[in-house]
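# Overview (structure and organization)
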Amino acid sequence: MSLVNIKDLFVEYKTGRKTEIIHAVNGVSVEIKKGEILAVAGESGCGKSTLAKAVMRLEPVKSGEIYFEDVDILKMSAKELQSFRQKAQMVFQNPYSSLNPKMKILDILKEPLQINTRLSDSEADKIVLEKIELAGLDASCLGNYPHEFSGGQRQRIAIARALVPNPRFIIADEPVSALDVSIQAQIINLIKDLKEKYNLTFVFISHDLSVIRYIADRVAIMYLGEIVEIGSAVFKNPKHPYTKALLSSVPRMTKNAKRIILSGDLPSPADLPQGCKFHTRCPYAMEKCRANIPQYTGNTHKVKCFLYE
């Protein structure tokens with residue numbers, strides 16, 4: 001059963017010149033199942049973060065539908081949106097900038113409760129203490145400021161803040177990319193533990209495919225604002241030519257490992273190719289790829305490619 005259902009979502013930006021349109025998300029449709037970790041991967045600029053922010057109503061949407069528990073969040077009233085923000089939270093990429101440097105940790109974590117609830121200070125303090133300990137820190141940190149912590153500790157604080165309203169859905173946008181490898185492992189294990197303990201639903205965005213292989217229940221591969229492949233067996237059985245090239249870039253300790261080098265440059269999202277968006281770099285491109293847009297084939301493992309018609 002899905003918790004979030006995104007249908008035919010488009011997000012566009014206008015540049016400073018206002019004559020150029022950036023096509024950031026192009027017709028994305030995906031269901032996010034309750035209790036799963038859906039990882040989203042792809043090159044920089046493919047639309048991963050824009051998709052996440054659109055789901056959280058942090059970016060304007062050109063068209064489409066985003067259902068959370070069968071209610072379209074794009075049509076929510078201010079009161080409904082406030083309720084949604086208690087159920088859905090986001091952990092941002094940079095723990096150095098996502099925490100207010102002028103606020104103590106206690107105040108940062110209490111703020112969502114002060115805005116969304118009528119709890120007393122003592123009740124709010126109890127919840128904050130519970131969540132900070134759940135994130136692997138203790139009460140001694142609550143009187144300090146963000147600059148007094150390491151990157152990994154700050155990300156734990158950001159996760160604790162996301163947990164304070166008791167959400168059902170969390171988007172983690174590159175939550176470990178700014179951290180050392182040893183700290184990355186701690187944060188990843190924390191996210192897995194939280195998912196299992198509280199049956200949370202996560203969207204996990206990352207460039208690091210080895211991290212995604214470890215943490216994800218399903219993987220969605222994005223290219224130029226589209227999901228070109230999605231499933232639970234993307235690493236074991238990649239189908240789309242772009243997915244194969246992307247996975248071949250992961251370093252391996254075997255002599256026979258072959259890396260697929262794509263020809264051509266990544267097209268600009270302001271000037272998208274006609275037909276299949278990948279045909280300008282695809283080694284298997286056919287004439288119909290240049291003129292027609294492929295549709296998904298498959299059920300649990302979907303791929304958008306004419307090779308699998």
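Below, the structure is looked at part by part. Here the structure is a predicted model, which is why all the values come from computation and not from measurement.

### A few points about the sheet that holds strand β5 (residues 71-72)
With respect to topology, four strands assemble into an open sheet ordered β2-β1-β4-β5, the strand pairing being antiparallel. Pairing within the sheet leaves two strands with one partner each, and these edge strands are β2 (21-33) and β5. Here strand β1 (residues 2-14) pairs with β2 via ten bridges, running antiparallel. When the bridges of β2 are listed, E12 appears paired with H23. Here helix α1 (residues 48-55) sits on the sheet and contacts β1, β2 and β4 (63-68); the angle it forms with β1, its principal contact strand, is near 115°.

### Description of the packing of helix α3 (residues 105-116) against helix α5 (residues 151-163)
As a packed pair, α3 and α5 sit with axes 8 Å apart at the nearest point and diverge in direction by 30°. The angle between the axes of α3 and α5 places the two elements in the roughly parallel class. Judged by the sense of rotation from one axis to the other, the crossing of α3 with α5 is right-handed. On α5, the residues that touch I105, I108, L109 and P112 of α3 are I157, A160 and R161. In terms of residue class, the contact of α3 with α5 is made up of six nonpolar, no polar and one charged.

### Things to note about unusual backbone geometry
Positive phi values are uncommon outside glycine, yet E69 reaches one of about 55°. On the secondary structure map, E69 appears in the loop between β4 and β5. At N199, a position not held by glycine, the phi torsion is positive, near 55°. We classify N199 as exposed; its relative accessible area is 53%.

Rules of the game
Residues numbered from 1 in each chain as written. Predicted model: local features only at pLDDT ≥ 70, side-chain atom pairs only at ≥ 80, totals over all residues. Heavy atoms only, no water. Pairing = 2+ DSSP bridges. Helix = DSSP H or I, 4+ residues; strand = E, 2+ residues; numbered from the N terminus. Contact = heavy atoms within 4.5 Å. Axes fitted to C-alpha atoms, helices over the stretch in contact; angles between N-to-C directions. Parallel < 35°, antiparallel > 145°, perpendicular 65-115°, else oblique. Left-handed = near helix turned anticlockwise from the far one by under 90°. Nonpolar A, V, L, I, M, F, W, Y, C, P; charged D, E, K, R; others polar. Buried < 20%, exposed > 50% of the residue type's maximum accessible area, 1.4 Å probe, protein only.

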